[in-house]
Amino acid sequence: MNTTKELTVKESKIAYLLRLADDRLILGQRMSEWCGHGPVLEEDLALANMALDLIGHASSLYAYAAEVEDEGRDEDHFAYFRDDYEFTNLQLCELPKGDFAFTIARQFLFSSFSYFQYQQLKEAKDEQFAGMIDKHFKEIKYHLRHSRDWVLKLGDGTDESKERMQEAFDELWMYTGELFYIDGVDEMMLADGNGADLLSFKEEWKKLVEDTLKEATLNVPDWDQFMMTGSRTGMHTEHLGHMLAQMQFLRRSHPDADWK
Amino acid sequence: METQQQLDDFQARIDAGEKIEPKDWMPERYREQIIRMGSQHAHSEIVGMLPEGNWISRAPSLKRKLVLLAKVQDEAGHGLYLYSAIETLGVRRSELIDQYLYGNAKYSSIFNYPTLSYADVCVIGWLVDGAAIVNQTKLAHSSYGPYARANLRICKEESFHKKQGYEMVAKLAEGTPAQRKMVQSAVDRFWWPTLMMFGPNDSNSPNSAELLKWQVKLNTNDELRQHFVDRVVMEAEAVGLTLPDPDLKFNDETGHWEFGEIPWDEFWDVVKGNGVMNRERMKSRRKAHEDGAWVREAAQAYARKKNLSREKAS
């Protein structure tokens with residue numbers, strides 16, 4: 001499917017907002033699975049807090065996409081009435097929550113990437129968009145600090161925690177390539193003054209990840225290994241469908257009911 | 001050995017409305033009662049995350065998902081305040097947790113009922129949080145200072161939960177036929193269990209006299225239950241929902257709503273572990289605790305390493 005060539009600026013902007021929003025909704029939904037099941041009470045609170053932030057960010061991004069689209073739809077339309085192949089979130093975000101090490105490793109990879117991405121997006125030309133991003137950026141900094149702290153604690157904790165942490169990064173590594181996927185949507189948004197230049201911070205991001213893993217006494221997996229692709233054009237693991245089935249069933253069973 | 005003089009002085013302080021603080025002298029039995037009641041309250045907040053948490057992944061709008069997630073997170077926060085309040089009596093949180101996961105400590109039986117529809121979590125907000133507020137508003141004046149203050153803080157958040165729950169109940173009650181059916185079913189299932197939350201009738205409540213004397217509790221179970229019923233009947237009427245009690249009637253002389261016999265056999269069955277969800281709740285909590293053991297150990301090991309290297313440096 002040629003998704004990019006004929007897109008207008010408006011279409012690209014909607015696609016761009018949906019990619020950002022889908023990442024956050026899907027990761028937030030995964031994170032919320034921890035609520036009531038955390039390893040210690042303080043962490044139950046922290047994980048729920050990050051889930052709240054992520055889903056909250058997604059909700060405002062969807063609402064803004066609906067506004068740009070101007071077809072009378074709302075944020076719930078995008079969350080509840082699209083199917084797997086219409087979602088454009090990273091596969092990294094949809095993978096099952098795994099153990100606490102896996103959740104933390106994923107959160108660290110995603111938050112550190114978001115940190116650089118949002119640092120640029122908060123300077124976007126579109127003031128409404130930039131304002132929203134700036135607000136979310138403050139929370140992303142907290143997510144990064146929190147997940148980084150845990151990478152250090154678990155990497156340099158006990159033998160078991162180190163092993164689990166290493167396994168988590170090894171398993172997640174092939175999903176990191178897509179963080180820097182670029183197509184016409186990104187190019188158009190960048191040209192429009194409302195996109196992040198992903199390549200400009202790729203090395204800096206890799207350095208932050210490497211430094212953190214080394215400080216945590218972990219091995220840095222091979223950056224040149226096989227990397228997954230396709231998320232941004234609707235390719236997903238089968239995990240996503242099951243998550244959506246659960247997330248959407250009630251809303252779709254009663255589409256005419258008011259649930260706000 | 002506690003002398004009569006000490007006991008009398010202690011009672012005099014209570015009667016004068018003074019707060020008892022952690023370092024004050026207190027009868028051993030008073031300490032035990034606060035630990036028993038406060039930790040039971042804390043465990044209830046934590047187990048209480050499960051029935052509502054059951055609908056986070058399926059909440060029917062992003063707004064409702066956020067509201068529910070924030071609410072369940074608040075319950076974790078309440079658990080934390082309460083454990084901290086009880087820890088002032090020299091007992092560790094980990095011991096208290098072991099007592100309910102592997103020992104005899106109890107938590108509120110209401111959380112052993114399943115949430116079968118999304119309306120259940122709305123009704124829990126309205127009825128269960130509503131009942132909890134009636135209890136906790138009184139406990140905010142409890143004689144033990146840290147426990148009273150924890151309850152004061154909790155009440156503020158619970159009132160918000162109750163308001164949100166009732167708003168959603170009202171919305172469902174005037175919604176589509178399916179929404180109305182859903183919410184009425186939830187009320188039918190949660191009404192009696194909510195009334196049981198106030199505990200056995202006064203004539204059958206072994207701990208009450210002592211708790212009242214020391215003003216750990218300020219009202220009897222039956223008084224609080226009546227207070228709750230008087231308020232909720234009006235709220236149900238206002239949104240057109242039927243409470244499942246044919247004997248419910250207003251008594252002009254007393255000014256109170258009279259209600260039918262609470263199914264106490266069911267209450268005792270659930271207390272003894274035979275509710276629909278008792279086993280599942282304990283299994284979930286034990287699993288979370290045991291799965292988290294390596295995380296807690298790693299955090300401790302890391303802290304020890306850091307302390308050691310700091311000592312070496314200085």
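Residues numbered from 1 in each chain as written. Chains lettered and ligands numbered in written order. Predicted model: local features only at pLDDT ≥ 70, side-chain atom pairs only at ≥ 80, totals over all residues. Heavy atoms only, no water.

Participant: Break down the overall build of chain B for me, with residues and values.
Facilitator: Secondary structure assignment for chain B yields 13 helices and 2 strands. Taking 314 residues into account, the globule formula puts the C-alpha radius of gyration at 20 Å, and chain B, at 21 Å, falls close to it. Counting only C-alpha atoms and orienting by the principal axes, one finds that chain B spans roughly 70 × 50 × 35 Å. In chain B, which comprises 314 residues, the proportion classed as buried is 55%. Put simply, 77% of the contacts in chain B that link residues at least 6 apart link residues at least 24 apart. When the accessible surface of chain B is totalled, it reaches about 14300 Å², and 53% of it is carbon and sulfur. Looking at chain B, you have 42 positive and 44 negative side-chain charges, and the mean spots of the two groups are 10 Å apart. (Helix = DSSP H or I, 4+ residues; strand = E, 2+ residues; numbered from the N terminus. Rg over C-alpha atoms; globule rule 2.2 N^0.38 Å. Buried < 20%, exposed > 50% of the residue type's maximum accessible area, 1.4 Å probe, protein only. Contact = heavy atoms within 4.5 Å. Areas by Shrake-Rupley, 256 points an atom, 1.4 Å probe, with all protein chains shown as cover. Lys, Arg positive; Asp, Glu negative; His and termini not counted. Charge placed at Lys NZ, Arg CZ, Asp CG, Glu CD.)

Participant: Describe in detail the overall build of chain A, supporting the description with residues and values.
Facilitator: Tallying secondary structure elements over chain A gives 10 helices and 0 strands in all. For a compact globule of 260 residues, the expected C-alpha radius of gyration is about 18 Å, and chain A comes in at 18 Å, within 12% of that figure. Of all 260 residues assigned to chain A, the portion counted as buried reaches 59%. Of all intrachain contacts in chain A linking residues separated by at least 6 positions in sequence, the fraction that spans at least 24 positions is 80%. A total of about 10500 Å² of accessible surface is found on chain A, and carbon and sulfur atoms cover 49% of it. Considering chain A, the positive charge centre built from 28 side chains and the negative charge centre built from 50 side chains are found 3 Å apart.

Participant: Please provide a residue-by-residue account of the interface of chain B and chain A, values included.
Facilitator: Chain B puts 46 residues into the contact, and the matching count from chain A is 48 residues. Scanning the region where chain B abuts chain A turns up 3 salt bridges. There are 19 residue pairs in polar contact (both at pLDDT 80 or more) connecting chain B and chain A. For the side of chain B that touches chain A, the elements supplying multiple residues, two or more each, are helix H3 (49-53), helix H4 (62-87), helix H7 (145-173), helix H8 (177-196), helix H12 (278-291) and helix H13 (293-313) of chain B. Ranked by residues supplied to the side of chain B that touches chain A, first place goes to H4(B) with 14 residues. When the residues that make up the side of chain B that touches chain A are grouped by side-chain class, the tally is 27 nonpolar, 9 polar and 10 charged. (Salt bridge = Lys/Arg side-chain N within 4 Å of Asp/Glu carboxyl O. Polar contact = N/O pair within 3.5 Å; in protein donor to acceptor, adjacent residues only side chain to side chain. Nonpolar A, V, L, I, M, F, W, Y, C, P; charged D, E, K, R; others polar.)

Participant: Describe the pattern of salt bridges, listing the residues and the values that go with them.
Facilitator: Counted according to the given criterion, the structure contains 37 salt bridges over all chains. A salt bridge links B:Glu280 to B:Lys283, with the shortest nitrogen-to-oxygen separation between them at 3.7 Å. Residue B:Glu280 and its partner B:Lys283 are both found in helix H12; the two are separated by 3 residues, about one turn of the helix. Given a relative accessible area of 55%, B:Lys283 falls into the exposed group. Several salt bridges converge on common partners, so that one network encompasses A:Arg19, A:Asp183 and A:Asp186.

Participant: Before we move on, could you go through the side chain of B:Arg64 and cite the residues and values that matter?
Facilitator: Position of B:Arg64 relative to the elements: it lies in helix H4. One buried charged residue, B:Arg64, remains without a salt bridge, the closest side chain of opposite sign being B:Glu167 at 4.9 Å. For B:Arg64, the contacting residues outside a window of four places in its chain are A:Trp259, A:Lys260, B:Ala59, B:Tyr118, B:Gln164 and B:Met168.

Participant: How would you summarise the packing of helix H6 (residues 127-155) of chain A against H13(B) if you had to cite specific residues and measurements?
Facilitator: A pair of packed helices is captured by two measures, namely the crossing angle of their axes and the spacing between those axes. Their axes nearest at 8 Å, the elements H6(A) and H13(B) cross at an angle of 85°. Accordingly, the angle class assigned to the pair H6(A) and H13(B) is roughly perpendicular. Between H6(A), through A:Trp150, A:Leu152, A:Lys153 and A:Leu154, and H13(B), the contact on the second element is made entirely by B:Trp294, B:Val295, B:Ala298, B:Ala299 and B:Tyr302. Residue composition of the contact of H6(A) with H13(B), by class: 8 nonpolar, no polar and 1 charged. (Axes fitted to C-alpha atoms, helices over the stretch in contact; angles between N-to-C directions. Parallel < 35°, antiparallel > 145°, perpendicular 65-115°, else oblique.)

Participant: Tell me what's going on with a negative patch on the surface, and back it up with residues and numbers.
Facilitator: Judged by side-chain charge, A:Asp159, A:Glu163, A:Glu167, A:Asp170 and A:Glu171 come together as a negatively charged surface patch. A:Asp159 gets classed as exposed once you look at its relative accessible area, which sits at 68%. (Patch = residues over 30% accessible without salt bridge, like charges linked within 9 Å, V, L, I, M, F, W, Y side chains within 5 Å.)

Participant: Which residues make up the state of the cysteines, and what values do they have?
Facilitator: What the rule picks out here adds up to 0 disulfides over all chains. A disulfide-free cysteine, A:Cys35 has its sulfur positioned 16 Å from the sulfur of B:Cys122, the nearest such atom. Relative accessible area serves as the criterion here: at 6%, A:Cys35 is assigned to the buried category. Take A:Cys93: it sits in no disulfide, and the sulfur closest to it among the cysteines is that of A:Cys35, at 20 Å. (Disulfide = S-S within 2.5 Å.)

Participant: Summarise unusual backbone geometry; cite the residues concerned and give the values.
Facilitator: Residue A:Thr217 is not a glycine yet carries a positive backbone phi of 60°. In this fold, A:Thr217 is placed in the loop between helix H9 (198-215) and helix H10 (239-253). On the basis of relative accessibility, which here comes to 37%, the residue A:Thr217 falls in the partly exposed class. If you check the backbone angles, B:Gln215 has positive phi at about 55° while not being a glycine. Position of B:Gln215 among the secondary structure elements: in the loop between helix H9 (208-213) and helix H10 (221-238).

Participant: I'd like to hear about the packing of aromatic side chains, residue by residue, with values.
Facilitator: On inspection of all chains with the given rule, the structure shows 27 aromatic pairs over all chains. Ring plane angle 75° and centroid distance 6.5 Å describe the contact between A:Phe169 and A:Trp173, whose orientation is recorded as edge-to-face. Residue A:Phe169 is classed as buried on the basis of its relative accessible area, which comes to 0%. Aromatic side chains B:Trp264 and B:Phe267 sit 5.3 Å apart centroid to centroid with 90° between the ring planes, which places their arrangement in the edge-to-face category. Highlighted residues: B:Trp264 and B:Phe267, both in helix H11 (residues 264-274), separated by 3 residues, approximately one helical turn. Pair check on accessibility: B:Trp264 and B:Phe267 agree, each one buried. Over the aromatic face of A:Phe87 sits the side chain of A:Arg82, whose NZ or CZ is 4.3 Å from the ring centroid. (Phe/Tyr/Trp six-rings, centres within 6.5 Å; stacked < 30°, edge-to-face > 60°. Lys NZ or Arg CZ within 6 Å of the ring centre and 35° of its normal.)

Interpretation in functional terms is not warranted from these geometric data alone.
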